[in-house]
Number of protein chains: 2
Amino acid sequence: MGTNPAPLERLIEQFARLSGIGRKSAARLAYQVLNMPAQQAAAFADAIKEAHARVHRCSICQSFTDKEICPICSDAARDESVILVVESPQDVAAFERTREYKGRYHVLHGLISPVDGITADQLAIRELLVRLQDGRVREVIMATNPTIEGEATALYLSKLIKPSGIKTTRLASGLPVGSNLEYADEVTLYRALSGRGEL
Amino acid sequence: MGTNPAPLERLIEQFARLSGIGRKSAARLAYQVLNMPAQQAAAFADAIKEAHARVHRCSICQSFTDKEICPICSDAARDESVILVVESPQDVAAFERTREYKGRYHVLHGLISPVDGITADQLAIRELLVRLQDGRVREVIMATNPTIEGEATALYLSKLIKPSGIKTTRLASGLPVGSNLEYADEVTLYRALSGRGEL
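Residues numbered from 1 in each chain as written. Chains lettered and ligands numbered in written order. Predicted model: local features only at pLDDT ≥ 70, side-chain atom pairs only at ≥ 80, totals over all residues. Heavy atoms only, no water.

**Q** Describe in detail the interface of chain A and chain B, supporting the description with residues and values.
**A** Where interface size is quoted, it is often the accessible area lost as the parts come together. In this assembly, 56 residues from chain A lie in contact with 56 residues from chain B. Together chain A and chain B conceal approximately 4,900 Å² of surface at their shared face, both sides included; 66% is due to carbon and sulfur atoms. Put simply, chain A and chain B have four salt bridges between them. Here R10 of chain A and E50 of chain B are joined by a salt bridge, their closest N and O atoms 2.9 Å apart. (Contact = heavy atoms within 4.5 Å. Buried area = accessible area lost by both parts, 1.4 Å probe. Salt bridge = Lys/Arg side-chain N within 4 Å of Asp/Glu carboxyl O.)

**Q** Explain the nonpolar core residue by residue, including any values.
**A** Counting residues in hydrophobic clusters, the biggest one holds 44 residues, and the most contacted among them are F15 and F44 of chain A together with F15 and F44 of chain B. Going through the elements one at a time, α1 (6–16), α2 (23–35) and α3 (38–54) of chain A together with α1 (6–16), α2 (23–35) and α3 (38–54) of chain B are the ones with two or more residues in this core. Not counting chain neighbours up to four residues away, the residues in contact with F44 of chain A comprise F15, V33 and M36 of chain A together with L11, Q14, F15, L18 and I48 of chain B. (Core = buried A, V, L, I, M, F, W, Y, C linked by side-chain atoms within 4.5 Å. Buried < 20%, exposed > 50% of the residue type's maximum accessible area, 1.4 Å probe, protein only. Helix = DSSP H or I, 4+ residues; strand = E, 2+ residues; numbered from the N terminus.)

**Q** If you had to explain the pattern of salt bridges to someone new, which residues and values would you point to?
**A** In total, this model carries 22 salt bridges over all chains according to the counting rule given. Residue K67 of chain A is joined to D66 of chain A by a salt bridge in which the shortest nitrogen-to-oxygen separation is 3.4 Å. Overall, the relative accessible area of 27% leaves D66 of chain A in the partly exposed class. A salt bridge links E151 of chain A to R170 of chain A, with the nearest nitrogen and oxygen atoms 3.2 Å apart. With E151 of chain A in helix α6 (residues 148–161) and R170 of chain A in strand β6 (residues 167–170), this residue pair connects regions lying 19 residues apart in the sequence. Beyond isolated ion pairs, a larger network of salt bridges with shared partners links R10 of chain A together with E50 and R54 of chain B.

**Q** Which residues make up the environment of I69 of chain B, and what values do they have?
**A** Residue and element names in this part refer to chain B. Following the sequence through the fold, I69 ends up in the loop between β2 (64–65) and β3 (79–86). We classify I69 as partly exposed; its relative accessible area is 31%. On a C-alpha basis, the gap between I69 and H56 in space is 9.8 Å, while along the polypeptide they are 13 residues apart. Those residues in contact with I69, other than ones at most four positions away along the chain, are C58, S59, I60 and S74.

**Q** Report on the sheet that holds β3 of chain B, specifying residues and quantitative values.
**A** Residue and element names in this part refer to chain B. Overall, parallel pairing links the four strands, which are arranged β4-β3-β5-β6 in an open sheet. In the strand order of this sheet, the two ends are held by β4 (103–107) and β6 (167–170), each with one partner. Strand-to-strand, the axes of this sheet are offset by a mean angle of 25 degrees, without reference to chain direction. Contacting β3 and β4, helix α4 (residues 89–98) crosses the sheet at an angle of about 160 degrees to β4. (Pairing = 2+ DSSP bridges. Axes fitted to C-alpha atoms, helices over the stretch in contact; angles between N-to-C directions.)

**Q** Mind laying out the relation of the copies chain A and chain B, listing which residues take part and the relevant values?
**A** Mapping chain A onto chain B leaves a residual RMSD of 0.1 Å; the transformation is a rotation of 180 degrees accompanied by 0.0 Å of translation along its axis. Such a combination of turn and shift is consistent with a two-fold rotation axis. Taking the C-alpha atom as reference, chain A places A45 of chain A closest to the rotation axis, 2.1 Å from it. (Least-squares fit on C-alpha atoms with pLDDT ≥ 70 in both.)

**Q** Describe the sheet that holds strand β3 (residues 79–86) of chain A, naming the residues involved and giving the relevant values.
**A** Within a sheet, neighbouring strands are paired by backbone hydrogen bonds and run either parallel or antiparallel to one another. Residues and elements named next belong to chain A. Spatial ordering of the open sheet is given by β4-β3-β5-β6, a layout of four strands whose pairing is parallel. One side of each edge strand has no neighbouring strand; the edge strands of this open sheet are β4 (103–107) and β6. Pairs of neighbouring strands in the sheet enclose a mean axial angle of 25 degrees, with direction left out of account. With four bridges joining them, β3 and strand β5 (residues 139–142) adopt parallel strand pairing. Each bridged residue has a counterpart across the sheet, and for I83 the counterpart in β5 is V140. Sitting on the sheet, helix α4 (residues 89–98) is in contact with β3 and β4, with an inclination near 160 degrees to β4.

**Q** Residues and numbers for the side chain of S88 of chain B, please.
**A** Looking at the element boundaries, S88 of chain B is found in the loop between β3 and α4. Contact partners of S88 of chain B, with chain neighbours within four places excluded, come to Y31 of chain A together with V107 of chain B.

**Q** Residues and numbers for the pairing of β3 of chain A, please.
**A** All names here are of chain A. Here β3 lies mainly inside the structure; six of its eight residues are buried. With five bridges connecting them, β3 and β4 associate as parallel partners. Within β4, the position partnered with V85 by the bridge is H106. Following the backbone out of β3, through α4 and into the adjacent parallel β4, one traces a crossover that is right-handed. (Right-handed = clockwise from strand over helix to strand, strands pointing away.)

Now the structure itself:
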């Protein structure tokens, strides 16, 4: 062996193109595919093709949907004056699980990250700005992760949006519920302190 | 959203069936596939189908090949009296990179692991025993990882093989080259000590 047969090598390359999958993990995944029953491998390939053919971004919020407009954007009961901006469709699901948020969403499909070569124009920012033009939105909530990339993206967006007079807010940083003060890092503790609220 | 559209959900499920990929990673990978250009997604799906159709296990060593017999097994210059037993095709590549091993290989496609529900009959052990029947093999080298599963599998195999009179050996355990004694764990240090060789 030493070198893998060409079709296997091509499959490894395809897996390795996915971010978060290194060359060794890609090989391990490819071996798993080869060890699958033929039917399961065919189902995997078909799932890729079918998902790509039938699922696309919602023309409004950019989350994934198989309709023209996703169920949330087409739900008249949801408050269209508030938009919560998230990194990925997974974050939409997380907020939906709280059952507390009744506004709309906007999915950026990534965060600004110069290290990974991701610039603002690769994200769904233009589509967000278009949504803000009709004057119906009064608040944009930046719900990106409290990481360097998440904070930078939130700051970048709020600078873009502020001139329009629309309120931009940021998720609170602080101690997670059920956590232990003793194990909190300094930045989180400082944020919890400076963002303290009256009882 | 809350729930993903059905074709996306099916793709997430396919990714999540791969071992080592949890539900959240599966969703992240599926989103990446949806954000790919259509051509790249089609190439990914085709790579799965083509690899599955054209690559199979070598009828001798069970490594992956697109021929009936892999290049190593069909190389008459390689010593057929020694078989090095490994967990995966990746391990074959690792030994080939040393350029020192000139014998044959046998790929088990896994290790015995009761915790993960992997039993001996799911591995390519029967095929190994068949290879030992013609009396040409004089040594089987157990080259599974020095982990609990790797050690258990090596022990299991050597118990199966020993009655046939074929020598079974195990890779040496000890300090990796270039490592620092100070950071070695106790078991490794003990193995390095008990397996010491004369200078």
